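Here is what each chain is made of, one letter per residue.
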Amino acid sequence: MFIATLVGIFKFDELPQEYGPYVRYKASLEKKNIDENEKIAILNISGTESYHVLFLDSYKSTAEIDEELKAADAKLNYNTKKILEGHL
């Protein structure tokens, strides 16, 4: 199982360029239009060169995020989970 660690929480218009492709890909999967003020969490998946994108307005609890990450065989680390709880 992989560990997902928070890289940062950004508004879309402040998102570092390197994460843009990941965000656009996730938005296309969800058929989502991204608001420039939308809060987006970027998670690094340890042991890979991959990132997981979370549109925070789409979740009510970290349990929903946990379920999504299970499909990627990943789980949130403790500190990331606590930080995300404060943003949901």
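Presented here is an overview of the structure given in this document.

Quick notes on the rules
Residues numbered from 1 in each chain as written. Predicted model: local features only at pLDDT ≥ 70, side-chain atom pairs only at ≥ 80, totals over all residues. Heavy atoms only, no water. Axes fitted to C-alpha atoms, helices over the stretch in contact; angles between N-to-C directions. Helix = DSSP H or I, 4+ residues; strand = E, 2+ residues; numbered from the N terminus. Parallel < 35°, antiparallel > 145°, perpendicular 65-115°, else oblique. Contact = heavy atoms within 4.5 Å. Nonpolar A, V, L, I, M, F, W, Y, C, P; charged D, E, K, R; others polar. Pairing = 2+ DSSP bridges. Buried < 20%, exposed > 50% of the residue type's maximum accessible area, 1.4 Å probe, protein only.

Concerning the packing of helix H2 (residues 62-70) against helix H3 (residues 78-87)
The geometry of H2 relative to H3 is characterised by a closest axis approach of 10 Å and an angle of 130° between their N-to-C directions. When the axes of H2 and H3 are compared, the pair comes out oblique. For the pair H2 and H3, the contacting residues are Thr62, Ile65 and Asp66 in the first and Lys81, Leu84 and Glu85 in the second. Tallied by class, the residues present in the contact of H2 with H3 amount to two nonpolar, one polar and three charged.

Thoughts on the sheet that holds strand E2 (residues 39-45)
Within the open sheet, the four strands sit side by side as E3-E2-E1-E4. Their pairing is mixed. Edge positions in the sheet fall to strand E3 (51-55) and strand E4 (74-76), since each has one partner strand and no second. Adjacent strand axes in the sheet meet at a mean angle of 35° when their direction is disregarded. Bridging between strand E1 (residues 2-11) and E2 involves seven bridges; their strand directions are antiparallel. Following the sheet pairing, Leu6 is matched in E2 by Leu43. Each of E2 and E3 is contacted by helix H1 (residues 20-30), which is oriented at about 55° to E3, the strand it contacts most.

Some points on the pairing of E3
In terms of residue burial, E3 counts as a mostly covered element, since four of its five residues are buried. Taken together, the five bridges between E2 and E3 define a ladder with antiparallel strand orientation. In the strand pairing of E3, Ile42 is matched with Val53.

Everything listed here is a matter of coordinates, which is why it stays silent on function.
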